[in-house]
Each structure stands twice: as structure tokens, then as C-alpha cells.
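Given next are the chains, with one letter for each unit.
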Amino acid sequence: MNNYTVSSLISKGEFKCGCGKTHKAHLKDACICENAVKKLPEYIFKLGAKKAFVLADKNTLTAGRAALSVLENNSVDFVKYVYSEERIEPDDRTVGRAFLNFDYSCDIVVGIGSGVINDICKIVSRAMNLPFIIVATAPSMDGYASSTSSVIRDGLKVSVDSRCPDVVIGDLDILCKAPVLMSAAGLGDMLAKYISICEWRIGSVVTGEYYCEEVASIIRFALSKCVENAHKITSGDKQAVKSVMEGLVISGIAADYAGVSRPVSGVEHYFSHIWDMRAVEFGTPISLHGIQCAAGTLLALKGYELLKNITPDKDYALSQFEKFNRKEWTRQIEKYLGAAGDKMIENTEKCELYNSSFFKSRIDKICENKDEILKIINEELPDYDYILNILKAVNAPVSTEEFGIDPSTNALTFKMTKDIRDKYILSSLAFDMGVLDKLAEKAYN
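Everything quoted here is computed from the prediction, not taken from an experiment.

*Asks:* Before we move on, could you go through the overall build of the protein and cite the residues and values that matter?
*Replies:* A count of helices and strands for the protein gives 22 helices and 10 strands. Since a compact globule built from 445 residues should have a radius of gyration of about 22 Å, the 22 Å found for the protein is in line with a globular shape. Within the span of the protein, comprising 445 residues, buried residues form 59% of the whole. Within the protein, contacts between residues separated by at least 24 positions form 78% of all contacts whose residues are at least 6 apart in sequence. Total accessible area on the protein is roughly 17600 Å²; 47% of this is exposed by carbon and sulfur atoms.

*Asks:* Any details on the environment of Asn389? Residues and values, ideally.
*Replies:* As for its placement among the helices and strands, Asn389 is situated in helix 19 (residues 384–393). Take Asn389: its relative accessible area is 48%, and that puts it in the partly exposed class. For Asn389 and Asp432, which are 43 residues apart along the polypeptide, the C-alpha to C-alpha distance reads 32 Å.

*Asks:* An account of the sheet that holds strand 3 (residues 29–33) is needed here, citing residue identities and associated values.
*Replies:* Working definition: the strands of a sheet are paired by backbone hydrogen bonds and lie parallel or antiparallel to each other. If you trace the six strands from one edge of the open sheet to the other, you get 3-10-7-6-4-5, paired in parallel fashion. Edge positions in the sheet fall to strand 3 and strand 5 (77–83), since each has one partner strand and no second. Direction aside, the axes of adjacent strands within the sheet are offset by 15 degrees on average. Here strand 6 (residues 108–113) pairs with strand 7 (residues 132–136) via five bridges, running parallel. Counterpart to Val109 in the pairing with strand 7 is Phe132. The strands touched by helix 5 (residues 92–100) are strand 4 (51–57) and strand 5; relative to strand 5, the strand with the most contacts, the crossing angle is about 155 degrees. Lying over the sheet, helix 11 (residues 238–258) contacts strand 3, strand 7 and strand 10 (167–171), oriented at roughly 165 degrees with respect to strand 3.

*Asks:* Quick one: what's the story with helix 11, residue by residue and with numbers?
*Replies:* Across its 21 residues, helix 11 extends 30 Å between first and last C-alpha, which sits within 8% of the 30 Å expected from 1.5 Å per residue. Burial of helix 11 is extensive: 18 of the 21 residues sit out of reach of the surface. One or two steps after helix 11, the chain reaches Gly259, where phi turns positive at roughly 80 degrees.

*Asks:* Explain the pattern of salt bridges residue by residue, including any values.
*Replies:* All chains considered together, the criterion is met by 27 salt bridges. Two residues, Glu209 and Arg262, come together in a salt bridge whose shortest N-O distance is 2.8 Å. Of the two residues, Glu209 sits in the loop between helix 9 (193–207) and helix 10 (213–228) while Arg262 sits in the loop between helix 11 and helix 12 (267–282), which places them 53 residues apart along the sequence. Relative accessible area serves as the criterion here: at 22%, Glu209 is assigned to the partly exposed category. On the basis of relative accessibility, which here comes to 5%, the residue Arg262 falls in the buried class.

*Asks:* Give me the lowdown on the environment of Gln292, citing residues and values where you can.
*Replies:* Tracing the backbone shows Gln292 in helix 13 (residues 289–307). Note on Gln292: relative accessible area 0%, which makes it buried. Excluding residues that lie within four positions of it along the chain, Gln292 makes contacts with Glu268, Ser272, Trp275, Asp276, Ile286, Ser287 and Phe403. At 2.7 Å, the side chain of Gln292 forms a polar contact with the side chain of Ser272.

*Asks:* Lay out the pairing of strand 6 with the relevant residues and their values.
*Replies:* Across the six residues of strand 6, six count as buried, placing the element largely inside the fold. Along strand 6, one buried face is formed by Ile108, Val110 and Ile112 and the opposite face, lined by Val109, Gly111 and Gly113, is buried too. Taken together, the five bridges between strand 4 and strand 6 define a ladder with parallel strand orientation. From the neighbouring strand, Phe53 faces strand 6, where its bridge partner is Val109. Each parallel crossover has a hand, and the one from strand 6 via helix 6 (residues 115–128) to strand 7 is right-handed.

Parameters and conventions
- Residues numbered from 1 in each chain as written.
- Predicted model: local features only at pLDDT ≥ 70, side-chain atom pairs only at ≥ 80, totals over all residues.
- Heavy atoms only, no water.
- Helix = DSSP H or I, 4+ residues; strand = E, 2+ residues; numbered from the N terminus.
- Rg over C-alpha atoms; globule rule 2.2 N^0.38 Å.
- Buried < 20%, exposed > 50% of the residue type's maximum accessible area, 1.4 Å probe, protein only.
- Contact = heavy atoms within 4.5 Å.
- Areas by Shrake-Rupley, 256 points an atom, 1.4 Å probe, with all protein chains shown as cover.
- Pairing = 2+ DSSP bridges.
- Axes fitted to C-alpha atoms, helices over the stretch in contact; angles between N-to-C directions.
- Expected span 1.5 Å × (residues − 1).
- Salt bridge = Lys/Arg side-chain N within 4 Å of Asp/Glu carboxyl O.
- Polar contact = N/O pair within 3.5 Å; in protein donor to acceptor, adjacent residues only side chain to side chain.
- Right-handed = clockwise from strand over helix to strand, strands pointing away.

Below you can see the structure in the form of C-alpha cells.
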């Protein structure tokens, strides 16, 4: 395995890859060390800026107060906007408030926070065509160095093009003080990569979608960095936290290389998206994104373990496809997600999953490549107990019940993951094989 580092990936610049794409890391620099926040003024001036628009929320500002002190002590002019709520979601309203409070005399965006703040700042900086620096307050998610933002738009959780930060600052003195659950969330977001890489490879076999082994290798390396010291993050061990933060940034660079979220999210993320959508619509419980992804990873591993023992049968799959009642399925989506499901229902009208011609092509590919698909699953996915023990070691929830999600709803949630968008995942594969209902019942009931 190559020894990828944040600095080596940034310094590599633009290069032509064997996958046919030209890759480039849009991240210009990253500083992950002790006292890193002291370099904030230097980075602002290096990017040619003079006045910063600082965005934070109530909690992240407390954690990253040192960033404001550094700006004040170095006479850097800034205007700040701080969300007052205890918890904010990256939805239309929250993003809109950032724009409404933006000061047009500012020539750079500085975010102090993690997932939600980073996502919003990436959108604002792209719209305003301004450079962006994120001062990370927790090693809690993998989006620091990516060029997309995960937001709730019209009730549907979507990934939208935005702007990669120019600089990521990860001050270990700040990161090590993050709540243990947030560090566990970052690890959970990385453990999800076992699933996403597996599904990316399977998708390439079944649908012919783009796949890059170089990007996959970078993700695997980032994952290994996170896992090797995972058990130490709960104690605030600086080397362990640094390894996790570097792994998260490397993962984001890899996703930026690919230009899509495919290498970093799969069915496990879609479990999380549906839980988020139900929370918006019905006020049901949710947890941190990475915590939900960790639970989704365990659920996915259960499903794949069962799927490995099912031999594809083309005639059976065709009969099940013909029996599928999309109107009845639409009613289930409406009932389960309410208005939040409207966009998903629209997607079912145009997605390739329910197109008979595409279906016939996919089931042929599945039957022809059943041994290759099994090989991919065995190569990419760890044992369920391996992931379970890692999560237990960092005191992370290992079941949906632990963060308030009724386990009896997991089967239906799983079946709905296939409808969020056209991404070939476990539920898509099970649907094509005609075993979606059986798999959901056995794995999640």
C-alpha cells in the first residue's frame, strides 16, 4: 500500500490517472499539528485577503475561541456571524441565513466548526467566489477537503457541488478537546468507507459506472490511518487524533479527485440520510452523522453477509421485477417520509433502477459476474465483529436503538435507501436480484 500523506497529495498537483481522468487536489494546504491555529493570519494574507467573514455556531465558537483571539492579536479585520441554536441542520433556512448575514466588505470566508459549518461555508465561498479556510473543531467527519456539501434541500438530503476549502487548520489542542462522541463520529464516517469502496466496485461491474483504483487505494490508506490508533482517541491521545484527522482529510482529497461522493458514501450513508429526513419531517431522534454512518455500516455488513449466500437467478429476478408495484411503493414512501419523500418519489419516476431495459442489462451483468461480485465483497468488507469491536472501543453506539431509532424500522429504511438517488448500493443489488424484501426481513427484523 502506498504511503499517501496530506502534503504529498497536495504537492502532487494535477496528474493524468490510469482511470482516464485528470485528478487534482483543490486543497492548497493543511496544517494538522499543535498550535496550528496560530497560522491562521498567515494563511489569510497568503490568499490575498484582508477582511474575514467568520461563520460559527454557538458550540463551535466556544471550542474555537482561540481562532478569534489570533485574529484580534494580529490585527486581522473580521465580521462574525454565530448561529445561536444548540444544534443546526444544513438545510435551506440555515444556509439562507448565512447569506443574509454575509458582509460584502469581506474578501475571505473563515469557518470555525466541523460538518455543518464546513458545508455551509463551502456553499457561501463558492457563491461569493471567495477563498475559504476552515478551522476544524472536531475530527468528526470526512468532508473537510471535499468539493461537495451535504445539505437538506426541499426535505431531501442531497450532495451539492460547492467549494473545497483552500486551507484546513487542525489544531490538535482544539481537536483533542472535542467531545468523545464527535471523535467517534469521525471514526464512524471513515469505517463507512469499507462499504462505499465495495459498492463502488460492484457498481462498476453491474452498471459500467466510472471507477478509479487510485482513488480507492487512497481511501483504503486513509482508513488504515484511522483504524490503527482508533482505540486511543477517547483518551484525547494527540497522535491518535492526528491520525484520524489526517485520514479524514486524505479521504476528502480522494473524493475531490473522483469528482463524486461515490468513493466515500454508500448504503450506510443513505441509512443516515433517511433518518435525517424523518427527523426534519416528524421530529424523530437523530445523532451525529458519523455515528449514524457507523450504525449504518454495521447494518450493511449484516446485509452483505446474507447476500453472499444467495445465488443470482435471472428468471426469479425477472418475475419479482414484474410483480413490483411502484404505486404501492410510492404510498409507503409518502407514509414513511411525508413531504420529505416527495423528491424521492420524483426520483423513482426517472431513475434507471425501475427502467425495465436497464434492469435486464443489470441482472445479466449480475449473473455473468456473480463470482467477481462475491470476490469484491470478500476482498473489501471486514467481519461484522471487527467493526463492532472498534466501535465499542471508542464507546460509540452500535445499534440504532442507542440513539433513539426504533430497530423495527430498519428494514423499511433499508429498502428506501435505493430511492434516494441513482447510486448502485446494497439495496439496489438486492432489488435487482429480487431478494430485497427477504434480505431486509432476515437482516433487520
